[in-house]
Amino acid sequence: MKLTRRKTRAEVPSMAMGDIAFNLLIFFVILARATDDSHLQWTPAKVSNLANAGPSMVSVLVDKDNKLYLNGQQIGIAELAGRIETALGDAVHGERTVLVKIHNDTLAQRFEPVIEAISEAGGDLVHIVEEEKQ
Amino acid sequence: MRGRRTKVLVEPPAHATGDIAFNLIVFFLVCASIQPDSGRPQTLPSSETVEEGQQTENIEVAVSRAAVIINGDVTPMNRVFTRLKALLAGKQAPDDRVVVVKSESDTQYSRWLTITSMIEDAGGVVTLQLEEERIVEVP
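About the thresholds
Residues numbered from 1 in each chain as written. Chains lettered and ligands numbered in written order. Predicted model: local features only at pLDDT ≥ 70, side-chain atom pairs only at ≥ 80, totals over all residues. Helix = DSSP H or I, 4+ residues; strand = E, 2+ residues; numbered from the N terminus. Rg over C-alpha atoms; globule rule 2.2 N^0.38 Å. Buried ≥ 20, exposed ≤ 12 C-beta atoms within 10 Å, placed from the backbone. Contact = placed C-beta atoms within 7 Å. Core = buried A, V, L, I, M, F, W, Y, C linked by C-beta atoms within 7 Å. Pairing = 2+ DSSP bridges. Right-handed = clockwise from strand over helix to strand, strands pointing away. Expected span 1.5 Å × (residues − 1).

### Points about the overall build of chain A
Secondary structure assignment for chain A yields three helices and eight strands. Listing every helix and strand of chain A by position from the N terminus yields α-β-β-β-β-β-α-β-α-β-β. Taking 14 Å as the expected radius of gyration for a compact globule of 134 residues, we find that chain A reaches 24 Å, considerably beyond that expectation. Each principal axis of the C-alpha atoms in chain A carries an extent, and together these give about 95 × 40 × 30 Å. Burial analysis of chain A (134 residues in total) assigns 30% to the buried set. Counted over contacts in chain A with a minimum sequence separation of 6, partners at least 24 positions apart contribute 75%.

See the structure below:
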């Protein structure tokens, strides 16, 4: 007697497509957070008369431990101006916004060279602060 | 003979729940990313534009942890704005409106920002005067 082999169909389960898309999304979100500075710890200073910061390609942050970050990556003060200049490229005035996020207790000996470096690189400074309630 | 009506069960398709969750996540991510940052723009002229000779004619503001000194006079915090406004009155040219800010090394950022904001609100153009020799901590 000759037995016939049963054919099994192999196909990607369409039921799992949603889960695959979900996992891909989580993956890219985590990847995006690597260049983001939202995980860094700092307390903004409080000032009145604020404006919308607008879109920006560059963000400079000094955290509560006095560490300096450019777009979420820790760097030294000596390379800050050059890196900002590279990041801004040939952007025209008005599109060279640099968001400055400095912890409110940071001392002048730390933040003044940062501000000077941004100014030297031709960036338009926008201090990210909180609205002071009067 | 009476025919029996077949009941049709209407329920959301179970296989679409993944897609619904996906779209919800995208929606909340977009909502989160468009939340704008609020800030205070500051225009600083580059250090080369202010010559040494001009600095003596400009208003000088020395900021320390305890005091604000405008052109050599200690000024209470609540009078800084009015004093600056009076000093800048009548000055139209941008070069005349330059206010040189010297900060002690132990001045806090929040204090410095409050004072430089007052200078800008009074119509001044903030220029930093940094010390030539300074110890910078490189992380």
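### With respect to the nonpolar core
Among the nonpolar cores identified, the biggest contains 45 residues, and Ile84, Val100, Val114 and Ile118 of chain A together with Val61 and Ile119 of chain B are the most heavily contacted of them. Other than its neighbours up to four places away in sequence, isoleucine 119 of chain B contacts Val61, Leu84, Val99, Gly124 and Val126 of chain B.

### A few points about the pairing of strand E6 (residues 97-102) of chain A
Residue and element names in this part refer to chain A. Counting buried residues in E6 gives six out of six residues, a clear majority hidden from the surface. Here five bridges tie strand E3 (residues 58-62) to E6, and the two strands are oriented parallel to one another. Note on E6: the bridge partner recorded for leucine 61 is lysine 101. Crossover handedness for the path E6 to helix H3 (residues 108-120) to strand E7 (residues 124-128): right-handed.

### Remarks on the sheet that holds E3 of chain A
Spatially, seven strands are ordered E2(A)-E1(B)-E7(A)-E6(A)-E3(A)-E4(A)-E5(A) in an open sheet, and the strand pairing comes out mixed. Both edges of this open sheet fall to strand E2 (51-52) and strand E5 (73-74) of chain A, since each of them pairs with a single strand only. Summarising the sheet, E7 of chain A and strand E1 (residues 38-42) of chain B pair through four bridges and their orientation is antiparallel. Its bridge partner being in E1 of chain B, isoleucine 128 of chain A is matched across the sheet by glycine 39 of chain B.

### A word on unusual backbone geometry
At asparagine 66 of chain A, a residue that is not glycine, the phi angle is positive and equals roughly 70°. Along the chain, asparagine 66 of chain A falls in the loop between E3 and strand E4 (68-70). Of note in the backbone geometry, asparagine 71 of chain B takes a positive phi value of approximately 50° without being a glycine. According to the C-beta neighbour criterion, asparagine 71 of chain B is exposed, with 12 such atoms within 10 Å.

### As for the pairing of E1 of chain B
In terms of strand pairing, E2 of chain A meets E1 of chain B through two bridges, oriented antiparallel. Within E1 of chain B, the position partnered with asparagine 52 of chain A by the bridge is serine 38 of chain B.

### Observations concerning H3 of chain A
Residue and element names in this part refer to chain A. In this model, H3 (13 residues) spans 17 Å end to end at C-alpha, consistent with the 18 Å of a helix rising 1.5 Å per residue. Along H3, the residues classified as buried are Ala108, Phe111, Glu112, Pro113, Val114, Ile115, Ala117, Ile118 and Ser119. Just past H3, the residue glycine 122 takes up positive phi, approximately 80°.

### Focus on the interface of chain B and chain A
On the side of chain A, 44 residues touch chain B, which itself brings 36 residues to the contact. Those elements giving two or more residues to the side of chain B that touches chain A turn out to be helix H1 (17-33), E1 and helix H4 (109-121) of chain B. If you tally residues by element for the side of chain B that touches chain A, the top one is H4 of chain B, at seven residues.

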